[in-house]
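The residues making up each chain are set out below.
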Amino acid sequence: MKRVLVTGGAGFIGSNFVHYLLGHTDGVECLVNLDALTYAGNLENLTAVESDTRYHFVKGDIRDQKLVDNLFCEHNFDTVVHFAAESHVDRSIEEPELFLTTNIVGTQTLLDAAKRHWKIDPEDKYSREYCEGVKYLQVSTDEVYGALGATGMFTEKTPLQPNSPYSSSKAGADLIVRAYHETYGMPVNITRCSNNYGPYQFPEKLIPLMIHNACNDKSLPVYGDGMQIRDWLHVSDHCAAIATVLEKGKVGEVYNIGGNNEKANIEIVRLILQELGKPESLITHVKDRPGHDRRYAIDNTKITTELGWAPAYTFEQGIHETIQWYLNHMEWVERITSGDYQKYYRDMYQKAQQP
Ligand code: NAD
Ligand code: DAU
């Protein structure tokens, strides 16, 4: 039976993962969700699991070493799944420092706590022996590989060439995780997934933002020519892949996660308008994101052939369900887009008005 620390479990993917793990396995004895509840964290995403006696929520910061240590002492975790991060590229361009401290220092704080609690002899700094069955999983992103041209795909051997403060902070975190494995023998895995979509995604990201604006007959801000390509995966397939890596991933290895589903942004925006019965005249081409990566595409051969994971969703089914989910949860969207988000939206998109 596993005792799991999930960080960032009140965010988009983290909350889907908490639902996934508690719903799909009886191998979890205890799951603690450590989340600072930034603008992106929302406990409303977790109301369905609140009464599960295995589930505990702790409001706190991953950079708080004392808190993290106390949680390890209290709950005796054998598994860490680290989602917590500043995750939005546009915000990282405005505020890089926050991304570096949260994403890099936060990761190192967790690794240190895990090392202290999992080493068989914590006093022996050269010992590489860890308690049986422990694992630290770093949830990373395909953005660490940088941008692709018209052809080719990211494999686990592609060099890291991040282009935004967000992706470089994630790459920095990946390198620290790697260093803890190489230097201290920490049992780790890193997963690098492509763009996720699905329920509970904050409406600053492409798909929920476009659904929300289209429903309100507001303009749909497409960066540049809209021909940038992303490789989309339903969040529940990402969660299943992480669970697979936890169970079967070879210690020290990196696994790319993706579903071979490349789409240009403009295609996605048109599809959303079509599904909602809204006119294409709502599309507005605005100034491009600085340093905007042109194309991402994941080669998923390693995880599919070595670990047997495969996505369950087709994009057509997933996007249809996702649009319906947002239509059925408009109050959830309205609640999280009131207040501070309105100011963020005005500041961000006023600057981007001119193509
Ligand atoms: P999100 O922004 O929706 O959620 C992040 C969560 O982390 C929030 O609940 C927030 O409150 C919490 N958090 C932020 N700073 C914290 C801190 N200092 N201490 C504790 N909690 C803190 O992000 P997401 O889209 O769910 O992404 C989750 C992870 O997956 C991130 O590490 C991201 O880099 C990675 N990822 C995301 C995608 C994607 O398409 N969204 C794809 C691949 C990888
Ligand atoms: O690839 C994985 C990454 O996917 C994750 O690591 C990040 O956490 C996640 O935010 C996401 O990054 P992107 O930058 O690809 O996602 P975003 O939804 O911000 O943008 C998707 C594409 O849509 C991108 O090419 C920019 C474009 N876009 C986005 C917004 C918000 C627009 O054209 N207009 C917009 O208003």
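Bear in mind the structure is a predicted one, so any value in this text is a computation, not a measurement.

Participant: Help me get a handle on the sheet that holds strand E3 (residues 55-59), residues and values and all.
Facilitator: Each strand in a sheet pairs with its neighbour through backbone hydrogen bonds, running either in the same direction (parallel) or in the opposite one (antiparallel). Read from one edge of the open sheet, 7 strands run E3-E2-E1-E4-E5-E6-E11, paired in parallel fashion. Among the strands making up the open sheet, the edge pair consists of E3 and strand E11 (254-257). Across this sheet, the average inter-strand angle for adjacent strands is 20°, counted without regard to direction. As defined by bridge partners, strand E2 (residues 28-35) adjoins E3 across 5 bridges and the pair is classed as parallel. Each bridged residue has a counterpart across the sheet, and for Asp 35 the counterpart in E3 is Lys 59. Each of strand E1 (2-7), E2, E3 and strand E4 (79-82) touches helix H2 (residues 65-75); the most contacted strand, E2, lies at about 170° to it. Where helix H7 (residues 235-248) meets the sheet, its contacts fall on E4, strand E5 (135-141), strand E6 (188-193) and E11, and the angle it forms with E5 comes to roughly 145°.

Participant: Describe the layout of surface pockets, listing the residues and the values that go with them.
Facilitator: Empty space within the second largest pocket amounts to approximately 360 Å³. Lining of the second largest pocket is provided by 18 residues; of these, Lys 2, Leu 21, Ala 243, Leu 246 and Glu 247 occupy positions nearest its centre. Elements supplying a minimum of two residues to the lining of the second largest pocket: E1, helix H1 (12-24) and H7. Of the residues belonging to the lining of the second largest pocket, the class tally is 9 nonpolar, 6 polar and 3 charged.

Participant: Describe the site of ligand 2, naming the residues involved and giving the relevant values.
Facilitator: Around ligand 2 there are 24 residues in total, and Asp 142, Tyr 166, Arg 289, His 292 and Tyr 349 lie nearest to it. Note that an oxygen atom of ligand 2 is positioned 2.5 Å from one of the side-chain N or O atoms of Asp 142. Contact between ligand 2 and Tyr 349: an oxygen atom at 2.7 Å from a side-chain N or O atom of the residue. Starting from 690 Å² of accessible surface for ligand 2 in isolation, the protein chains cover 94%. Listed by contribution, the elements that provide at least two residues to the shell around ligand 2 are helix H6 (206-215) and strand E8 (220-223). Among the elements that take part in the shell around ligand 2, E8 stands out by supplying 3 residues, more than any other. Residue classes in the shell around ligand 2 are distributed as 10 nonpolar, 8 polar and 6 charged.

Participant: So, the side chain of Asn 195: which residues are in play, and what are the values?
Facilitator: Looking at the element boundaries, Asn 195 is found in the loop between E6 and strand E7 (196-197). A relative accessible area of 18% places Asn 195 in the buried class. If we skip the residues at most four places from it in the chain, Asn 195 touches Asp 142, Arg 230, Asp 231, Trp 232, Leu 233 and Tyr 296.

Participant: Kindly report on the packing of aromatic side chains, identifying the contributing residues and their values.
Facilitator: A full pass over the atoms with the stated rule returns 17 aromatic pairs. Judged by centre distance (6.4 Å) and plane angle (85°), the rings of Phe 99 and Tyr 166 are edge-to-face. Taken together, the positions of Phe 99 in helix H4 (residues 96-118) and Tyr 166 in helix H5 (residues 165-184) put the pair 67 residues apart, joining distant regions of the chain. The pair formed by Phe 99 and Tyr 166 is uniform in burial state, with each residue classed as buried. Here Tyr 197 and Trp 232 contribute two aromatic rings whose centre-to-centre distance is 6.5 Å and whose plane-to-plane angle is 70°, an arrangement assigned as edge-to-face. Here Tyr 197 is found in strand E7, whereas its partner Trp 232 is found in the loop between strand E9 (229-231) and strand E10 (233-234), with 35 residues between them in sequence. Each member of the pair, Tyr 197 together with Trp 232, is buried. Chaining the aromatic ring pairs together yields one cluster made of Tyr 200, Trp 325, Tyr 326 and Trp 332. A cation over a ring is seen here: Arg 91 above Tyr 39, with NZ or CZ 3.6 Å from the ring centre. Between the NZ or CZ atom of Lys 218 and the centre of the ring of Tyr 345, over which it lies, the distance is 4.2 Å.

Participant: Hey, could you go over a negative patch on the surface for me, with residue numbers and the actual values?
Facilitator: The grouping of Asp 121, Glu 123, Asp 124 and Glu 129 at the surface amounts to a negative patch. Mapped onto the elements, Asp 124 comes out in the loop between H4 and E5.

Participant: How would you explain empty space enclosed by the protein if you had to name every residue and give the values?
Facilitator: Inspection of every chain in the model, using the stated rule, returns 3 cavities of 30 Å³ or more. In this structure, the largest cavity encloses a volume near 40 Å³. Lining the largest cavity are Ala 10, Tyr 39, Ala 40, Gly 41, Asn 42, Asn 45, Tyr 200, Phe 202, Trp 332 and Ile 336. A per-class count over the lining of the largest cavity returns 7 nonpolar, 3 polar and no charged.

So, how was this worked out
Residues numbered from 1 in each chain as written. Chains lettered and ligands numbered in written order. Predicted model: local features only at pLDDT ≥ 70, side-chain atom pairs only at ≥ 80, totals over all residues. Heavy atoms only, no water. Pairing = 2+ DSSP bridges. Helix = DSSP H or I, 4+ residues; strand = E, 2+ residues; numbered from the N terminus. Axes fitted to C-alpha atoms, helices over the stretch in contact; angles between N-to-C directions. Contact = heavy atoms within 4.5 Å. 1 Å grid on protein atoms, 1.4 Å probe; cavity = no way out; pocket = protein on both sides within 12 Å on 5 of 7 lines; lining within 4 Å. Points joined across faces, edges and corners; volume = space filled by probe spheres on them. Nonpolar A, V, L, I, M, F, W, Y, C, P; charged D, E, K, R; others polar. Near = heavy atom within 4 Å. Polar contact = N/O pair within 3.5 Å; in protein donor to acceptor, adjacent residues only side chain to side chain. Areas by Shrake-Rupley, 256 points an atom, 1.4 Å probe, with all protein chains shown as cover. Buried < 20%, exposed > 50% of the residue type's maximum accessible area, 1.4 Å probe, protein only. Phe/Tyr/Trp six-rings, centres within 6.5 Å; stacked < 30°, edge-to-face > 60°. Lys NZ or Arg CZ within 6 Å of the ring centre and 35° of its normal. Patch = residues over 30% accessible without salt bridge, like charges linked within 9 Å, V, L, I, M, F, W, Y side chains within 5 Å. Salt bridge = Lys/Arg side-chain N within 4 Å of Asp/Glu carboxyl O. Lys, Arg positive; Asp, Glu negative; His and termini not counted. Charge placed at Lys NZ, Arg CZ, Asp CG, Glu CD.

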